[in-house]
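Residues per chain, in single letters:
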Amino acid sequence: MQEGRTFLCVTLNPVVDTALYVDAFRPVYRTDAHRITHTAGGKGNNVARVLVGMGRRATALAALGGASGRHVADLLAGDGIAVAGATVSGDTRVAVTIVDRNGEQRGYFAPNAPFTPADADAIRAAFYAALDTARAVCLCGSSPGPEADALYPEFLRAAAGKGIPTLLDTYGQALRLGLEAAPDVIKINQKEAAGLLDRDFTTLTGRVEAVLDLSTQAGRWAVLTLGAEGALLADRGTGGLWRASPPFVEVVNPIGSGDAMAAGLLAALVDGDPPERAFRLGMAAAGANLQTWEAGRVAGAEVEALLGRIYVEPLV
Ligand SMILES: Nc1ncnc2c1ncn2[C@@H]1O[C@H](COP(=O)(O)OP(=O)(O)OP(=O)(O)O)[C@@H](O)[C@H]1O
Ligand SMILES: [Mg+2]
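Now for a look at the structure at hand. For every chain, the first residue of the written sequence is number 1, and numbering continues from 1 along that sequence. Note on labels: chains are lettered from A, ligands numbered from 1, in written order. Selection of residues for local features in this predicted model requires a pLDDT of at least 70, selection of side-chain atom pairs for listing and counting requires 80 or more, and totals for whole chains, interfaces and linings are taken over all residues. Values reported for side chains reflect all heavy atoms of the structure, with hydrogen atoms and water molecules removed beforehand.

In the sections that follow, a salt bridge refers to a side-chain nitrogen of Lys or Arg positioned within 4 Å of a carboxyl oxygen of Asp or Glu. Under the defined criterion, the tally for this structure stands at 18 salt bridges. We note a salt bridge from Arg101 to Asp23, for which the minimum N-O separation is 3.1 Å. Taken together, the residues Arg101 in the loop between β7 (93–99) and β8 (105–109) and Asp23 in the loop between β2 (15–21) and β3 (35–41) connect sequence positions 78 residues apart. When accessible area is computed with a 1.4 Å probe and restricted to protein chains, residues below 20% of their type maximum are described as buried, those above 50% as exposed, and intermediate ones as partly exposed. By relative accessible area, which is 38% here, Asp23 ends up partly exposed. Among the charged side chains, a network of salt bridges with common partners joins Arg49, Asp79, Glu294 and Arg297. Helix and strand definitions follow DSSP, with helices as H or I runs of at least four residues and strands as E runs of at least two, each counted in order from the N terminus.

A few words on the packing of aromatic side chains. Ring pairs shown here join Phe, Tyr and Trp side chains whose ring centres sit within 6.5 Å, with only the six-membered ring taken for Trp; geometry is labelled stacked below 30 degrees between planes, edge-to-face above 60, and tilted in between. Scanning the model with the defined rule gives 4 aromatic pairs in all. When the ring of Tyr21 is compared with that of Trp293, the centres are 6.1 Å apart and the planes differ by 80°; the resulting orientation is edge-to-face. One end of the pair, Tyr21, is in strand β2; the other, Trp293, is in the loop between α10 (275–290) and α11 (300–307), with 272 residues separating them in the sequence. The exposure class of Trp293 is partly exposed, given its relative accessible area of 24%. Taken together through their ring pairs, the aromatic side chains of Phe127, Tyr128 and Phe155 make up a single cluster.

Okay, the packing of helix α5 (residues 151–161) against helix α6 (residues 172–179) next. Structural elements are reduced to axes, namely lines fitted to C-alpha atoms, with helices fitted over the stretch in contact, and the angle between N-to-C directions of any two is expressed from 0 to 180 degrees. Contact geometry for α5 and α6: axes closest at 7 Å, N-to-C directions at 30°. Relative to α6, the element α5 lies roughly parallel. Crossing geometry of α5 relative to α6 is assigned as right-handed. Every residue of α6 that contacts α5 at Tyr152, Pro153 and Leu156 is listed here: Ala174, Leu177 and Gly178. Under the scheme applied here, ten amino acids are nonpolar (Ala, Val, Leu, Ile, Met, Phe, Trp, Tyr, Cys and Pro), four are charged (Asp, Glu, Lys and Arg), and all others, including Gly, are polar. For the contact of α5 with α6, the residue count by class is 5 nonpolar, 1 polar and no charged. For classification purposes, an angle smaller than 35 degrees is called roughly parallel, one larger than 145 roughly antiparallel, one from 65 to 115 roughly perpendicular, and anything else oblique. Rotating anticlockwise by less than a right angle from the far helix to the near helix defines a left-handed crossing, while the corresponding clockwise rotation defines a right-handed one. Whether two residues are in contact is decided by their heavy atoms, any of which lying within 4.5 Å being enough.

In this analysis, strands are considered paired if DSSP registers two or more bridges between them. Pairing is mixed across the open sheet formed by 4 strands, whose spatial order is β3-β2-β7-β8. Every interior strand has two partners, whereas the edge strands, β3 and β8, have only one. Averaged over neighbouring strand pairs, the angle between their axes works out to 20° when direction is ignored. Of the pairings in the sheet, the one linking β2 to β3 comprises 7 bridges and is antiparallel in character. Across the sheet, residue Val16 finds its bridge partner in β3, namely Ala40. Against the sheet, helix α2 (residues 66–78) makes contact with β2, β3 and β7, and its axis sits at roughly 90° relative to β3, the strand it touches most.

Put into structure tokens, the structure is as follows:
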């Protein structure tokens, strides 16, 4: 039964990520690019791409609208990700990133289309239809508007009610509400945590307090990521706490490394791995993502290769 099951990755605010590669930024009207890439963006879509890279089956449930929504669906399918699309009224966002030859980036994001109660209903219908074949559910990325915030706890509770493990990675009101549903894994970065918790994030003590705070709201693990400084994982069940450092690799583009971390943690959760091993897999997936341009386009072999190069130390 588990064989046909899939990691259901929910992205309520997807985006067509278009990157134009230029020689240099110039203050002129026209600059010709020498390369273009389109990626199905949004955090859950990135997680799905990493999971597929790691040899898992993933389904992207994304709010899709207009031609840009169809483009996201095509891109997901091209990446080997099953699409459980929910058709919404507004056009899916488009973001354009200009990248120069030194790897410097400038991103331009289209505004969000309004998100309506009917859009929420369309996503609900797609979610419940997809839930029966889910082996795990992750809810990742920003909420497209206040109408969507309540979907986070609703979906987490629905998954938990069927015994399906869950992971939450978002911020603001969607995070606050989602935490009330006690997701198995909470994975957020320092900035997202600072919006939620009144702790001193400049010190290890403050960061440890923050991840322990978070773990009281997690079913299993809370992970606080710290960019180049690595991450902390707290295991609610045992009170265990670990710190991990990133592997020494060339950082091509860190964007999406948090999503790769989420993919590794979720894969380990489903496999029944202990927290330290899950942390290592998450860090290895993040490390693989650091070395790629496109968010989430990681190779499973690279993740495997990095597993032994992650330094994880217990703090308690
Ligand atoms: N500049 C970097 N150098 C080394 N490792 C990094 C760097 N940025 C990120 N990482 C690795 O990736 C992990 C996740 O990164 P980060 O804390 O930036 O997550 P994030 O902000 O959620 O990222 P995103 O939302 O873009 O996916 C870190 O714990 C670290 O292991
Ligand atoms: Mg993130």
